[in-house]
Amino acid sequence: MEMTFRWFGTGYDTIPIRYIAQIPGVKGVITTLYGKKPGELWTREEIKSLKADAAAAGLKISGIESVNVHDDIKAGTGDRELYIENYIKTLEALGEEDIHMVCYNFMPVFDWTRTNLAKERPDGSTVMAYEDEVVKNTDPEKMFDSIKDNTNGTVMPGWEPERMAEIHRLFDLYENVSEEDLFNNLVYFLEKIMPVCNKYDIKMAIHPDDPAHSVFGLPRIITNKENVLKLMKAVDDVHNGMTLCTGSLGSDKNNDLPDIIRSLEGRIHFAHIRNIRYSEGLDFEEAAHLSEDGSFDMYEIVKALIEVGFDGPVRPDHGRMIWDEKGMPGYGLYDRALGAAYLNGLWEAVIKGKKDLQNK
Ligand code: CS2
Ligand code: MN
């Protein structure tokens, strides 16, 4: 594996990139052209300058998160052909710039959803939390307002103001889109982009839906083992793969993470490893990465990834806010850096433990 860290780019991330380069083991960043709207073209010049920013700190770009997919592609409406063409051109530019992993999601309207961005824990740290009752009783616009007011001046991925300005139109777009339609639209999109992915060896890594069930009545499909395997089979090409995000898939208590990992051998191209703590029903809150702090057995997760020969980029995902840090919720420096250090340790222990056994 390659330890990486998400970085939103100069002018967008509050964390200086040289801090990221100082985290032990981090060799690359996972980044994006954060100012681009879904469907907009990325030029080689822009990608070059992103690479130069990373290189100035001694880091490479290990992959893109995300090249966002336009809602016309997801809903199969309007200008989908045009946006697919743009997506192909963007992939071409990325391929020419020697970037070979692209994370994206196929969630209608919203990216991830939380009902509290700063739930205080007894130790004074804060975490993001999800309460299903709140989602059921809030309309999406109100939810947006409360998110907007609590982001410490940052723009959260998937909750950009210009997106919310169109929320009614977006909801209308999906009115008649079933889960099956959404799945078929995803397959349609993947089939169209596979040739360019093959040409440049770009591994597409779909991010699971977060949380892993429908919110606000919208269809959601990347939620469990069955659906994910169905997608892998429908477009049976190594370039159609997954971002294994433990916190997202694990938000459904029925998802057995090590088992899902083992079923995806060869198709996991990127891993987001983080922990959450289950509450009643569908509710949960985020946690420190350590097994003991949440509901997942992080050792078993790492072991499964090593077992299937996963060698792609790994990044710590959402962390707590600790030590009075102010920043984008989930994306502070401190707790994610602790997460990276912990994951590095787990990785080393599992690999050396295996070798020890072999040498006995
Ligand atoms: C999420 C998403 O994994 C995450 O951190 O915050 O924003 C994720 O980056 C996208 O869903 C991937 O397209
Ligand atoms: Mn994730």
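Residues numbered from 1 in each chain as written. Chains lettered and ligands numbered in written order. Predicted model: local features only at pLDDT ≥ 70, side-chain atom pairs only at ≥ 80, totals over all residues.

### What about the overall build of the protein chain?
We apply this condition: A run of H or I in DSSP counts as a helix once it spans at least four residues, and a run of E counts as a strand once it spans at least two, with each numbered from the N terminus. In this scheme the burial state of a residue depends on its C-beta neighbours within 10 Å: 20 or more other such atoms mean buried, 12 or fewer mean exposed, and anything in between means partly exposed; the C-beta positions come from the backbone. Contacts are defined on C-beta atoms placed from the backbone: any two residues whose C-beta positions lie within 7 Å are in contact.
In terms of helices and strands, the protein chain carries 14 helices and 12 strands. Judged by the C-alpha coordinates and their principal axes, the protein chain covers about 60 × 45 × 40 Å. Residues counted as buried form 43% of the 360 residues belonging to the protein chain. A separation threshold of at least 6 residues defines the contact pool for the protein chain, and within that pool the share at least 24 residues apart is 75%.

### Notes on the packing of helix 13 (residues 298-307) against helix 14 (residues 334-358)
Selection rule: Axes here refer to lines fitted to C-alpha atoms; in helices the fit is confined to the stretch in contact. Angles between the N-to-C directions go from 0 to 180 degrees. An angle below 35 degrees is treated as roughly parallel, one above 145 as roughly antiparallel, one from 65 to 115 as roughly perpendicular, and anything else as oblique. Crossings are classed by handedness, with left-handed meaning an anticlockwise turn of the near helix from the far one by less than a right angle and right-handed meaning a clockwise turn. In this classification, the charged set is Asp, Glu, Lys and Arg, the nonpolar set is Ala, Val, Leu, Ile, Met, Phe, Trp, Tyr, Cys and Pro, and all remaining amino acids, among them Gly, are polar.
Interaxial distance between helix 13 and helix 14 falls to 10 Å at its minimum, and their mutual angle equals 60°. As far as their axial angle goes, helix 14 and helix 13 are oblique. When the axes of helix 13 and helix 14 are compared, the crossing they make is right-handed. On helix 14, the residues that touch Met298, Tyr299, Val302, Lys303 and Ile306 of helix 13 are Leu346, Trp347, Val350 and Ile351. Of the residues belonging to the contact of helix 13 with helix 14, the class tally is 8 nonpolar, no polar and 1 charged.

### Here's the deal with the sheet that holds strand 5 (residues 116-120)
Going by this rule: Should DSSP find at least two bridges between two strands, the strands are taken to pair.
Strands sit in the order 5-6-11-10 across an open sheet of 4 strands; the sheet is antiparallel. Edge positions in the open sheet fall to strand 5 and strand 10 (276-278), since each of these has one partner strand only. Going across the sheet, the axis of each strand differs from the next one's by a mean of 35°, ignoring polarity.

Keep in mind these numbers describe shape, not what the thing actually does.
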